[in-house]
Amino acid sequence: MTMPKAIYPGSFDPITYGHIDIVRRARKLFPKLIIAIVANPNKNALFSVEERERITRDALTEMGIDGVEVTSYAGLLIDCVHKLGASAVVRGLRANSDFDYEFQMALTNRDLDSDIETVLFMTAGKYSFLSSSIVKEVKRFGGNISSFVPDSVDKALSKKFASQ
Ligand code: ADP
């Protein structure tokens with residue numbers, strides 16, 4: 001059997017310790033893991049897709065995680081999954097609020113291709129209320145985000161807000 005390849009899709013605007021925790025744990029099941037950053041025109045992202053790719057790569061390097069590819073896509077996730085030759089989609093589950101959305105997305109993707117499995121990883125308790133939005137909100141008003149994101153991400157946020 002060939003080793004299954006998995007994709008971890010999301011906005012990653014920017015990547016947080018919550019995402020990184022999922023990456024670490026998902027890799028135990030899927031040594032071949034690709035982070036796929038979505039260029040979603042419906043969501044107002046703070047960082048461009050190119051910036052998010054770079055920030056994600058830098059954060060992984062800073063955390064000593066190697067061998068995780070980072071790419072981006074626009075359009076349907078399932079098309080990206082096919083293009084990259086993956087067989088599973090990794091997502092993270094935080095509090096209740098994530099469940100409906102993740103369930104809907106997993107079922108839709110299964111409808112589109114029943115060979116692709118979605119695997120949901122439960123968040124670590126300490127990250128269960130951590131989101132990219134919260135991090136941006138705290139940082140925007142000058143709060144300390146060092147327990148939420150690696151240093152390189154903190155710096156990228158400082159630079160972004162200083163330029164606005
Ligand atoms: P999206 O806009 O696609 O939800 P995100 O970057 O917000 O993109 O999240 C990508 C995935 O990572 C989602 O499955 C989300 O539930 C999960 N995730 C985000 N933050 C955390 C966290 N703190 N703990 C566990 N999973 C998380």
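Provided above is the structure to which this section pertains.
Each chain has its residues counted from 1, running along the sequence as written. Per-residue local features are limited, in this predicted model, to residues with pLDDT of at least 70; the limit for side-chain atom pairs, both in listing and counting, is 80 or more; totals at the level of whole chains, interfaces and linings are taken over all residues. To get the side-chain values, take all heavy atoms of the structure and skip hydrogens and water.

Right, let's get into the site of the ligand. Each residue is tested against the molecule or strand, and it is near if at least one of its non-hydrogen atoms lies within 4 Å. Taken together, the neighbourhood of the ligand is formed by 17 residues, with Tyr 8, Ser 11, Lys 43, Gly 92 and Thr 123 sitting nearest. Between the ligand and Ser 11 there is a distance of 2.6 Å, counted from an oxygen atom to a side-chain nitrogen or oxygen. Two N or O atoms form a polar contact when they lie within 3.5 Å of each other; inside protein one atom must be a possible hydrogen donor and the other a possible acceptor, and for residues adjacent in sequence the pair counts only when both atoms belong to side chains. Side-chain polar atom of Glu 102 to an oxygen atom of the ligand: 3.0 Å apart, as the coordinates give it. When the ligand is considered free in solution it has 550 Å² of accessible area, and contact with the protein chains removes 92% of it. Buriedness for pockets is judged along seven lines, at least five of which must meet protein on both sides within 12 Å for an open set on the 1 Å grid over protein atoms alone, while cavities are sets there where a 1.4 Å probe fits but cannot get out, and lining residues have an atom within 4 Å of a point. Just a note on the criterion: a molecule sits in a pocket or cavity if more than half of its atoms are within 2 Å of the grid points. The cavity that encloses the ligand is the largest pocket. Elements with a minimum of two residues in the shell around the ligand: strand 1 (5-10), helix 1 (17-29), strand 4 (88-93) and helix 4 (96-112). All amino acids are sorted into three groups, where Ala, Val, Leu, Ile, Met, Phe, Trp, Tyr, Cys and Pro are nonpolar, Asp, Glu, Lys and Arg are charged, and the leftover types, Gly among them, are polar. Residue composition of the shell around the ligand, grouped by class: six nonpolar, six polar and five charged. Residue-level accessible areas treat just the shown protein chains as cover; the underlying method is Shrake-Rupley with a 1.4 Å probe. In this description a helix means any DSSP run of H or I spanning at least four residues, a strand means any run of E spanning at least two, and both kinds are numbered starting from the N terminus.

A word on the layout of surface pockets. What the largest pocket holds in volume is close to 1000 Å³. Along the walls of the largest pocket sit 43 residues, with Gly 10, Ser 11, Lys 43, Arg 91 and Tyr 101 positioned nearest its centre. Contributions of two or more residues to the lining of the largest pocket are made by strand 1, helix 1, strand 4, helix 4 and helix 5 (132-140). The class makeup of the residues in the lining of the largest pocket is 18 nonpolar, 17 polar and eight charged. Grid points are joined across faces, edges and corners, and a volume is the space filled by probe spheres set on the points. Empty space within the second largest pocket amounts to approximately 190 Å³. Phe 47, Glu 51, Arg 54, Ile 55, Asp 58, Ser 152, Lys 155, Ala 156, Lys 159, Lys 160 and Ser 163 are the residues that line the second largest pocket. Among the elements of the structure, helix 2 (49-62) and helix 6 (151-162) are those that each provide at least two residues to the lining of the second largest pocket. At five residues, the largest contribution of residues to the lining of the second largest pocket is made by helix 6.

Attention now goes to the pairing of strand 3 (residues 69-73). Bridge count between strand 2 (residues 32-38) and strand 3: five bridges; the pairing is parallel. Across the sheet, residue Val 38 finds its bridge partner in strand 3, namely Tyr 73. Consider the strands pointing away from the viewer: the crossover is right-handed when the path from the first strand over the helix to the second runs clockwise. Viewed along the sheet, the connection from strand 2 through helix 2 into strand 3 turns out right-handed. For two strands to pair, DSSP has to find at least two bridges joining them.

Time to look at the side chain of Asp 154. Assignment of secondary structure puts Asp 154 in helix 6. For Asp 154, the contacting residues outside a window of four places in its chain are Lys 139, Ile 145 and Val 149. Only heavy atoms enter the contact rule, under which two residues are in contact if any of them lie within 4.5 Å.

Of note, Tyr 8 is situated in strand 1. Spatially, the C-alpha atoms of Tyr 8 and Ala 88 are 8.7 Å apart, while their sequence positions differ by 80 residues. Leaving out residues up to four positions away in the same chain, Tyr 8 has contacts with His 19, Ile 22, Val 23, Leu 33, Ile 34, Ile 35, Ala 36, Val 90, Arg 91 and Gly 92.

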